[in-house]
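# Structural overview for review
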Amino acid sequence: MLVLGVILLVVGFVTGISILWTIGIILAVIGAILWILGSMGHAIAGRRHYW
């Protein structure tokens with residue numbers, strides 16, 4: 001999810017489409033939160049690791 005968010009950020013920035021930029025920011029933030037929680041050892045949606 002983090003990688004998809006970064007890809008959408010880049011595509012939205014290059015093409016000038018603001019909705020892709022917004023969705024990219026949201027996905028990047030959610031992906032970063034899930035990555036941090038997973039690395040701390042918290043179970044996310046019944047999984048020990050999230051990837």
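Residues numbered from 1 in each chain as written. Predicted model: local features only at pLDDT ≥ 70, side-chain atom pairs only at ≥ 80, totals over all residues. Heavy atoms only, no water.

To continue, consider the overall build of the chain. In terms of helices and strands, the chain carries 2 helices and 0 strands. Here the chain holds 51 residues, and the buried ones make up 22% of them. Put simply, of all contacts in the chain between residues at least 6 apart along the chain, 25% involve residues at least 24 apart. Carbon together with sulfur atoms contributes 78% to the accessible area of the chain, which is approximately 3800 Å² in total. (Helix = DSSP H or I, 4+ residues; strand = E, 2+ residues; numbered from the N terminus. Buried < 20%, exposed > 50% of the residue type's maximum accessible area, 1.4 Å probe, protein only. Contact = heavy atoms within 4.5 Å. Areas by Shrake-Rupley, 256 points an atom, 1.4 Å probe, with all protein chains shown as cover.)

Attention now goes to the packing of helix 1 (residues 2-15) against helix 2 (residues 18-39). Between two packed helices, both the angle of their axes relative to each other and the distance between the axes serve to describe the pair. For the pair helix 1 and helix 2, the least separation of the axes is 7 Å and the interaxial angle reads 160°. The pairing of helix 1 with helix 2 is recorded here as roughly antiparallel in orientation. You can see that helix 1 and helix 2 cross each other, and the crossing is left-handed. Facing Leu-2, Leu-4, Gly-5, Leu-8, Leu-9, Val-11, Gly-12 and Phe-13 of helix 1, the residues of helix 2 in contact are Leu-20, Trp-21, Ile-23, Gly-24, Ile-25, Leu-27, Ala-28, Gly-31 and Ala-32. Among the residues forming the contact of helix 1 with helix 2, the class breakdown is 13 nonpolar, 4 polar and no charged. (Axes fitted to C-alpha atoms, helices over the stretch in contact; angles between N-to-C directions. Parallel < 35°, antiparallel > 145°, perpendicular 65-115°, else oblique. Left-handed = near helix turned anticlockwise from the far one by under 90°. Nonpolar A, V, L, I, M, F, W, Y, C, P; charged D, E, K, R; others polar.)

The next point concerns helix 1. Taking 1.5 Å as the rise per residue, helix 1 with 14 residues should run 20 Å; its terminal C-alpha atoms sit 20 Å apart, in good agreement. Among all positions of helix 1, only Gly-5, Leu-8, Leu-9 and Gly-12 are buried. Along the long axis of helix 1, the arc covered by the buried residues comes to 105°, so they all point the same way. The exposed residues of helix 1 that point more than 90 degrees off its buried face are Val-3 and Val-14. Looking at the packing, one finds that the buried side of helix 1 touches helix 2. (Expected span 1.5 Å × (residues − 1). Arc of directions from axis to C-beta.)

In this section: the environment of Gly-31. Among the secondary structure elements, Gly-31 is positioned in helix 2. A C-alpha to C-alpha distance of 5.0 Å links Gly-31 and Met-1, two positions 30 residues apart in sequence. Those residues in contact with Gly-31, other than ones at most four positions away along the chain, are Met-1 and Leu-2.

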